[in-house]
Amino acid sequence: MTKAIRTNEQVREAAIRGIGGYRPARAVPNAEIVERIDSSDDWIRTRSGIASRRWANDAETVVAMSVAAAGKALAHAGITPDQVGCVVVSTVSHLYQTPSAAAEIAHILGTDHAAAFDISAACAGFCYGVALGADMVRSGTAEYVLVIGVERLSDLTDQTDRSTAFLFADGAGAAVVGPSEEPAIGPVVWGSDGQYLDLIRQREEWREALFAPEGPRIPHLVMQGNAVFRWASFEMAKVAQQAIEAAGVTPADLDVFVPHQANMRITDAMARAMKLPDSVVTARDIVEQGNTSAASIPLAIERLLETGQARSGDLALLIGFGAGLVYAAQVVRIP
Ligand code: UT7
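Residues numbered from 1 in each chain as written. Predicted model: local features only at pLDDT ≥ 70, side-chain atom pairs only at ≥ 80, totals over all residues. Heavy atoms only, no water.

Draft legend 1. Examining the sheet that holds strand 14 (residues 326–333) more closely. Pairing in this open sheet of five strands is mixed, and the strands run 8-14-13-11-12 from one edge to the other. Two strands bound the open sheet, and with one partner strand each, they are strand 8 (189–192) and strand 12 (281–282). Relative to strand 14, strand 8 runs antiparallel, the two sharing four bridges. Across the sheet, residue Val 189 finds its bridge partner in strand 14, namely Ala 329. (Pairing = 2+ DSSP bridges. Helix = DSSP H or I, 4+ residues; strand = E, 2+ residues; numbered from the N terminus.)

Laid out in structure tokens, this is it:
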């Protein structure tokens, strides 16, 4: 046999060590939207839970929002940018095909040596990133991994589309995943179901949009809301339950439930299906923030910490789900 290849020998535990978010300055209440889509404040609140959302201005780019959120997460973790070994950015709204947002963000933060890449896992992207980061830390591939979920969905939303115009929003959330004495990120339960790719998608690819016979246009996101709603409400509770079991805990052990902020009624349906005790604090960031896809879970965690509803060390169930369809869930300790 030829000489053996040396691999990273250490296997250690991983934790989310810090969290940070960036919310665009401009709050857009339902009142600003309803006329365009023949809707009402009451309909939007009742059907989605949303009262207001944030939309980014020109300066609040995917990269700028990410850098702001990452700076807070690094400070919370108490580490410096040069300690970051990998930057993973989950986004579907960085409108450059290449280079990645991650490489630019890594450079601005001062982590030039870090590996950097983007992933496309829609609203499950943050949980996908945490799973990747945890495995990198455990295996020794990186000491600290910066995981960012960021979207400017207002760029890809048709503001006259009744099923998406009130729902999608902008923002960034970041987490630092690093080594830990104790296991603090449970096994991920994840997957995809590509037979449903038409349920949420970009309407057409860029070439079709740019060379459309009527002239160039943005390839907006389109969604069969009710079908996604039913899938998420019924199937995602099962995935969440599997993640709880995989972590060796029970619903009664949880302190916090942080689902992707897709729709308040989906959140409530999942909590009911899992029989979560009333003692479990449920994230409801969607009310003021809208649905920010990959950014929604870290933003919701940050708000729970800021408002004192969650504390460092709390046991939290995270679950993300969305276009693909894709999903991912894991139990983690709040940093
Ligand atoms: O984040 C990624 C994953 N995305 C999601 O998880 C989103 C999942 N889906 C949803 O959140 C919901 O489907 C929506 C909030 C988007 C829509 O709620 P819904 O309860 O599924 O409404 P629907 O599409 O079944 O429509 C119900 C009724 C219809 O009227 P009729 O046929 O009952 O008379 C619609 O025409 O509401 C009407 N409608 C509206 N009315 C006022 C649909 N959109 C609107 C609107 N304003 N914007």
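Moving on, there is more to tell.
Draft legend 2. Structural detail: the site of the ligand. The ligand sits among 20 residues. The nearest are Ser 39, His 260, Asn 263, Arg 265 and Asn 291. Within the side chain of Arg 47, a nitrogen or oxygen atom sits 2.9 Å from an oxygen atom of the ligand. Asn 291 places a side-chain nitrogen or oxygen 2.7 Å from an oxygen atom of the ligand. In isolation the ligand offers 950 Å² of accessible surface; the protein chains occlude 73% of this area. Elements represented by at least two residues in the shell around the ligand include exactly helix 1 (41–48), helix 6 (225–246) and helix 7 (264–273). (Near = heavy atom within 4 Å. Polar contact = N/O pair within 3.5 Å; in protein donor to acceptor, adjacent residues only side chain to side chain. Areas by Shrake-Rupley, 256 points an atom, 1.4 Å probe, with all protein chains shown as cover.)

Draft legend 3. Structural view of the pattern of salt bridges. For the coordinates displayed, the defined rule picks out 15 salt bridges. For Asp 285, the salt bridge identified is with Arg 23, shortest N-O distance 3.1 Å. Here Asp 285 is found in the loop between strand 12 and helix 8 (286–289), whereas its partner Arg 23 is found in the loop between strand 1 (13–22) and strand 2 (26–29), with 262 residues between them in sequence. Asp 285 gets classed as buried once you look at its relative accessible area, which sits at 3%. (Salt bridge = Lys/Arg side-chain N within 4 Å of Asp/Glu carboxyl O. Buried < 20%, exposed > 50% of the residue type's maximum accessible area, 1.4 Å probe, protein only.)

Draft legend 4. Fine view of the nonpolar core. In this structure, Met 236, Phe 257, Met 270, Met 274, Leu 317, Ile 319 and Phe 321 are the most contacted members of the largest nonpolar core, which totals 49 residues. Among the elements of the structure, strand 10 (221–223), helix 6, helix 7, strand 13 (315–322) and strand 14 are those that each provide at least two residues to this core. A total of 10 residues in this core trace back to one element, the largest contributor, which is helix 6. The residues contacting Met 270, other than those within four sequence positions of it, are Ala 232, Ser 233, Met 236, Ala 237, Phe 257, Pro 259, Ile 319 and Phe 321. The next biggest cluster of nonpolar side chains, apart from the first, holds 35 residues, and it includes Ala 14, Cys 86, Val 137 and Val 332. (Core = buried A, V, L, I, M, F, W, Y, C linked by side-chain atoms within 4.5 Å. Contact = heavy atoms within 4.5 Å.)

Draft legend 5. Quick peek at the state of the cysteines. Applying the stated criterion across every chain, the model contains zero disulfides. Of all cysteine sulfurs, the one in Cys 127 lies closest to Cys 86, which takes part in no disulfide; the gap is 17 Å. Take Cys 127: it sits in no disulfide, and the sulfur closest to it among the cysteines is that of Cys 123, at 11 Å. (Disulfide = S-S within 2.5 Å.)

Draft legend 6. Examining the domain arrangement of the protein chain more closely. Taken domain by domain, the protein chain consists of domain 1 (13–180) and domain 2 (189–333). When each unit is reduced to the centre of its C-alpha atoms, the spacing between domain 1 and domain 2 is 14 Å. Contacts between the two partners involve 49 residues from domain 1, matched on the other side by 44 residues from domain 2. Around 3700 Å² of area is buried between domain 1 and domain 2 when both sides are counted, 63% of it from carbon and sulfur atoms. Counting the contacts that link domain 1 with domain 2 gives two salt bridges. Inspection of the region where domain 1 meets domain 2 yields 18 residue pairs in polar contact (both at pLDDT 80 or more). Of all the secondary structure elements, the ones that give two or more residues to the side of domain 1 that touches domain 2 are strand 1, helix 1, strand 3 (52–55), helix 2 (62–77), helix 4 (125–139), strand 6 (144–152) and strand 7 (170–180). (Domains from an automatic or database assignment. Buried area = accessible area lost by both parts, 1.4 Å probe.)

Draft legend 7. Geometry of the packing of aromatic side chains. Considering all chains together, one arrives at three aromatic pairs under this definition. Ring plane angle 70 degrees and centroid distance 6.3 Å describe the contact between Trp 231 and Phe 321, whose orientation is recorded as edge-to-face. Of this pair, Trp 231 sits in helix 6 while Phe 321 sits in strand 13; the two residues are 90 residues apart in sequence, bridging distant segments of the chain. Under the relative-accessibility criterion, Trp 231 is labelled buried at 10%. (Phe/Tyr/Trp six-rings, centres within 6.5 Å; stacked < 30°, edge-to-face > 60°.)

Draft legend 8. Layout of the environment of Thr 282. Residue placement: Thr 282 occurs in strand 12. By relative accessible area, Thr 282 is classed as buried at 16%. Thr 282 sits 239 residues away from Trp 43 along the chain, and the two C-alpha atoms are 22 Å apart.

Draft legend 9. Up close: helix 6. Its 22 residues place the ends of helix 6 30 Å apart at the C-alpha level, agreeing with the 32 Å of an ideal helix rising 1.5 Å per residue. Where helix 6 bends most, the angle comes to about 35 degrees, and this point is Glu 235. Of the residues making up helix 6, those classed as buried are Val 228, Phe 229, Trp 231, Ala 232, Ser 233, Met 236, Ala 237, Val 239, Ala 240, Ala 243 and Ile 244. On the buried face of helix 6, the contacting elements are strand 8, strand 9 (200–202), strand 10, helix 7, strand 13 and strand 14. Backbone geometry just downstream of helix 6 places Gly 248 in the positive-phi region, at approximately 75 degrees. (Expected span 1.5 Å × (residues − 1). Bend = angle between axes of the 7 residues up to and from the residue.)

Draft legend 10. Structural view of the sheet that holds strand 4 (residues 84–90). Here we have five strands laid out as an open sheet, ordered 1-7-6-4-5, and mixed in their pairing. Two strands lie at the open edges of the sheet, namely strand 1 and strand 5 (115–119), each paired on one side alone. Each adjacent strand pair in this sheet contributes to an overall mean axis angle of 20 degrees, direction not counted. Looking at chain direction, strand 6 and strand 7 are connected through eight bridges and run antiparallel. Looking at strand 7, one finds that Arg 152 is bridged to Asp 170. Here helix 4 sits on the sheet and contacts strand 1, strand 4, strand 5, strand 6 and strand 7; the angle it forms with strand 1, its principal contact strand, is near 140 degrees. (Axes fitted to C-alpha atoms, helices over the stretch in contact; angles between N-to-C directions.)

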